[in-house]
Amino acid sequence: LSSSSPDSIASQLTTLSREERELAPYDTHSTNLPDLINATHMLHQNLRLTATEAASSITEIQSHQQHAQTLTVRLEKAESMLTKLWEENCALREDMKKYKREKKVLVKEVRSLMEVIEEHKRQIENERRELEDSQEQEQVAVLQ
């Protein structure tokens, strides 16, 4: 009775006194009828509390289910985005491999061209020296 509201307590006392008045003409001292009435009241009170708790639990369960559905939708979106990112990452890795192979080829070609240029420079230098030598020989021959 201590956790009930004042109106509820008054109602229960009224009910008890009404029941006591109805049982007054009968000899109930040798029976367990007052105990049974009290047990019945306690069962009714427990039933109300249990119903209230059940309703509260159902509300909480529904709230948790809604939250779980929201999280499921977010998870599906995140998985979808993760899959797209993974596919893009794979494609970029393939592109990088291709570009590295192309870079190796280009580096080889540049080195080869640099060697050709150096060889041409050596040939030109040799030809210039030969030309200078031949011009000197011609000058020496003209002077003699």
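Summarised in this report is the structure supplied together with it. If you're wondering where the values come from, they're calculated on a predicted model, not measured in any experiment.

Calculation notes
Residues numbered from 1 in each chain as written. Predicted model: local features only at pLDDT ≥ 70, side-chain atom pairs only at ≥ 80, totals over all residues. Heavy atoms only, no water. Helix = DSSP H or I, 4+ residues; strand = E, 2+ residues; numbered from the N terminus. Buried < 20%, exposed > 50% of the residue type's maximum accessible area, 1.4 Å probe, protein only. Areas by Shrake-Rupley, 256 points an atom, 1.4 Å probe, with all protein chains shown as cover. Patch = residues over 30% accessible without salt bridge, like charges linked within 9 Å, V, L, I, M, F, W, Y side chains within 5 Å. Salt bridge = Lys/Arg side-chain N within 4 Å of Asp/Glu carboxyl O. Lys, Arg positive; Asp, Glu negative; His and termini not counted. Charge placed at Lys NZ, Arg CZ, Asp CG, Glu CD.

### Focus: the overall build of the chain
Scanning the chain from terminus to terminus reveals two helices and zero strands. Counting over 144 residues, the chain shows a buried share of 3%. Accessible area of the chain: about 13,400 Å², with a carbon and sulfur share of 58%.

### Notes on a negative patch on the surface
The grouping of Glu127, Glu130, Asp133 and Glu136 at the surface amounts to a negative patch. Its location among the elements puts glutamate 136 in helix H2 (residues 33–143). By relative accessible area, which is 48% here, glutamate 136 ends up partly exposed.

### Structural notes on the pattern of salt bridges
Enumeration according to the criterion identifies six salt bridges in this entry. As a salt-bridge pair, lysine 121 and glutamate 118 come within 3.9 Å of each other at their nearest N and O atoms. Here lysine 121 pairs with glutamate 118, and both are found in helix H2, just three residues apart, close to one helical turn. A residue is classified by how much of its surface remains accessible, and glutamate 118, at 36% relative accessible area, is partly exposed. In this structure, glutamate 119 engages arginine 122 in a salt bridge whose closest nitrogen and oxygen atoms are separated by 2.9 Å. Taken together, the residues glutamate 119 and arginine 122, both in helix H2 and three residues apart, mark about one turn of the helix. Residue class for arginine 122 comes out partly exposed when judged on its relative accessible area of 46%. What you see here is one network of salt bridges that share partners, running through Glu125, Arg128, Arg129 and Glu132.

### A look at a nonpolar patch on the surface
Together, Val110, Met114 and Ile117 line one region of the surface with nonpolar side chains, adding up to about 270 Å² of accessible area. Relative to the assigned elements, isoleucine 117 resides in helix H2.

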